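# Observations on the model geometry
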Amino acid sequence: MTEPLVFEDRHDRHVAVGVGGLLAEFNVPELLTAADIRIAVRVAELVGEQSEAVRLALALAVRSVRGGSTCISLAELVRSTQHPELPWPEPEAWHAEVAASPLVDADVPVMRVEGRLIYLDRYFELESDLCRDLVGRDEHAAPEPDEQLLAADLARLFPGESYAEQRAAGERAARGWTTVLTGGPGTGKTTALARLLAVLASQARATGRPPLRVALVAPTGKAAARMKEAVAAVADQDGFTDEERAWLKGLTASTMHRLLGFRPDNGTRFRHDRRRRLPHDVVVVDESSMVSLTLMARLVEAVRHDSRLVLVGDPDQLSSIEAGTVLRDLVRGWGSAPSSPVTHLRSGHRFGGAIIDLASAVRDGDADAAIEILRSGDPSVRLVAGDRLPETIRELLLPDARSMAELARVGDGEGALRVLGSHRLLCAHREGPFGAETWNQQVERWLDADAGHTLGRPWFAGRPVLVTENDRGLRLYNGDTGMTIPDGEGLKVLIAEDERRTFAPSRLGAVHTAYAMTVHRSQGSQFERVSVLLPDDDSRLLTRELLYTALTRAESSVTLLGSEGAVRAAINTPVLRASGLAERLDRALGA
Ligand SMILES: Nc1ncnc2c1ncn2[C@@H]1O[C@H](COP(=O)(O)OP(=O)(O)OP(=O)(O)O)[C@@H](O)[C@H]1O
């Protein structure tokens, strides 16, 4: 399916110097940047493609990837454009011209055309590989479980009516190589996962095989750590044998990048690939909605066809930062095919009260219901008008910032980290009046005013930080959080993820202050209380998935800062990304 493209890029306003004609006319905000145009012109020149319309299509394809799409449909772009005043070529003739271009028809094509979709070659290959690998996994003989044991284990580990949906997932995992387990917050995904792992381990034991080698992975270190803890907590529940408990608690989790193995010579390839597959018998990916097309393709190609692949996630959350909407596409592509490995958990098991009701209304696009819940007076969900924004944010952030500073100053980094985990301001934007950076800096200025002098910048005792890039050398992962505490005369940063470690600030490369963070970065984390700063209702980042993701980060309460109009605008704006994966999978299954 393709949908209109929506972009947000602060470089939009840059002008492509020295480019005339059609491309220059499309160099307008929110459409083509100077960089898109330069790339298109350079590549077109290399293959001798002179057509301005084809160059325009190439620039739009380059641009679409940065907007999260993996392909474009010219007809769809023309139909849905917010710039109808531009001289768009007639879509059918335009598409035909692209299809006949040397950019497509070369030994090493730059673009690929399939049906009405146009891809950059790399994304076409990734999508085709992923689809082929997933379908190919089911072409091998299915696992043959010990039926008697399976029936007994399913009854023991998934007892009664309340486990019916999860039991279906457990059975699917025992009978197939691929399992996709989806559901909203509190629908029992982790519970089902731990129990289905026990079913698989029991089957392996019965056939005298060595203990299952399980890889638990997630796109971020934070999400991986959460999964490990959650699986270990499920192991304490009823139904497990002591042996299963010990085994589940001994499982370790890592990022997908760490599992696949970084390669110093190549940023997009890994040590494990289809020639050197992973040794694990079961590979579990949690928070799969965050996984880009590139990373999912690399992971799936590295999984042995006789290993279980278990993808867990909530397809209604924001998609990956990089291009793709893989989990959503897989759910749609497999649809209700009899061979579909998808189990969607629907029943809520955790009392989520108004937060879950609100998140469900947002997910279902029901703005009236959402507003009604926000007006109900339930203390766990509040809508606070954005007209006194600085005062409101000050009330929300400053008391915690002060206690973090006080605790950190006396060396209680753990205590300060606990305060950090109790609340987070989530923003749609990184910069600008509604941006996380802006409010992080504002909190620092408020602390300066408290202290009567400027605190150290960027480092001061009590500065909470968020790691924003993986650092293999230091074993630090995107999403890890830390607290700055005194170290003699200087400072050090306590990172308390899997283990407690401290680092000299100068060793930490990519870190941000963490009083506020973007909703994108918050994926895979949860906080006791969450405040969500909604941007103006015309912000392109204000989408249904963004609001749903933000709401589902909260454990006990949510404060939305913004107008009712902004809430409605978010709910009425589902994220639009173009991808051909669902249709490709559907076609491959029908073939
Ligand atoms: N079948 C069940 N019967 C009763 N309680 C259940 C069942 N499944 C899960 N629960 C309980 O519901 C709560 C949520 O379960 P779980 O953590 O597995 O959900 P989840 O989908 O992984 O949630 P999240 O996505 O928010 O992490 C837990 O307290 C769990 O013990």
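Residues numbered from 1 in each chain as written. Predicted model: local features only at pLDDT ≥ 70, side-chain atom pairs only at ≥ 80, totals over all residues.

## Side note on the overall build of the protein
A tally of helices and strands in the protein yields 23 helices and 20 strands. Computed over the C-alpha atoms, the radius of gyration of the protein is 25 Å, within 12% of the 25 Å expected from 2.2 N^0.38 for a compact globule of 591 residues. If you line up the protein on its principal axes, its C-alpha atoms span 70 × 70 × 50 Å. Here the protein, with 591 residues, has 49% of them falling under the buried criterion. (Helix = DSSP H or I, 4+ residues; strand = E, 2+ residues; numbered from the N terminus. Rg over C-alpha atoms; globule rule 2.2 N^0.38 Å. Buried ≥ 20, exposed ≤ 12 C-beta atoms within 10 Å, placed from the backbone.)

## What about the domain arrangement of the protein?
Entries for the protein in the domain assignment read domain 1 (22-115), domain 2 (128-350) and domain 3 (354-572). One C-alpha centre belongs to domain 2, the other to domain 3, and the line joining them spans 30 Å. Each side of the interface is counted separately: domain 2 has 21 residues, and domain 3 has 21 residues. The dominant element in the side of domain 2 that touches domain 3, judged by the number of residues it contributes, is helix α10 (residues 221-235), at five residues. (Domains from an automatic or database assignment. Contact = placed C-beta atoms within 7 Å.)

## Observations regarding the nonpolar core
Side chains of a nonpolar character, in soluble globular proteins, are inclined to be buried together. Membership of the largest hydrophobic core comes to 105 residues, with the highest contact counts inside it found for Ala57, Met111, Ile118, Val217 and Val284. Counting only domains with at least three residues in this core, you end up with domain 1 (22-115) and domain 2 (128-350). Aside from chain neighbours lying at most four places away, what touches Val217 is Ala224, Ala253, Ser254, Thr255, Met256, Leu259, Val283, Val284 and Val285. The next biggest cluster of nonpolar side chains, apart from the first, holds 71 residues, and it includes Leu318, Ile356, Leu407 and Ala514. (Core = buried A, V, L, I, M, F, W, Y, C linked by C-beta atoms within 7 Å.)

## A closer look at the pairing of strand β8 (residues 282-285)
Here β8 shows a buried face lined by Val282 and Val284 and a second buried face lined by Val283 and Val285. Sheet analysis places strand β4 (residues 214-218) next to β8, joined by four bridges and oriented parallel. When the sheet's bridge partners are listed, Leu216 is paired in β8 with Val284. Judged from the four bridges that link them, β8 and strand β9 (residues 308-313) form a sheet pairing that is parallel. What sits directly across from Val284, in β9, is Val310. As for the winding sense of the linkage, the β-α-β connection from β8 through helix α13 (residues 293-302) to β9 is right-handed. (Pairing = 2+ DSSP bridges. Right-handed = clockwise from strand over helix to strand, strands pointing away.)

## As for the site of the ligand
Taken together, the neighbourhood of the ligand is formed by 14 residues, with Gly188, Lys189, Thr190, Thr191 and His349 sitting nearest. Looking at the shell around the ligand, the element that brings in the most residues is helix α9 (residues 189-206), giving three residues. Tallied by class, residues from the shell around the ligand come to three nonpolar, nine polar and two charged. (Near = placed C-beta within 6 Å. Nonpolar A, V, L, I, M, F, W, Y, C, P; charged D, E, K, R; others polar.)

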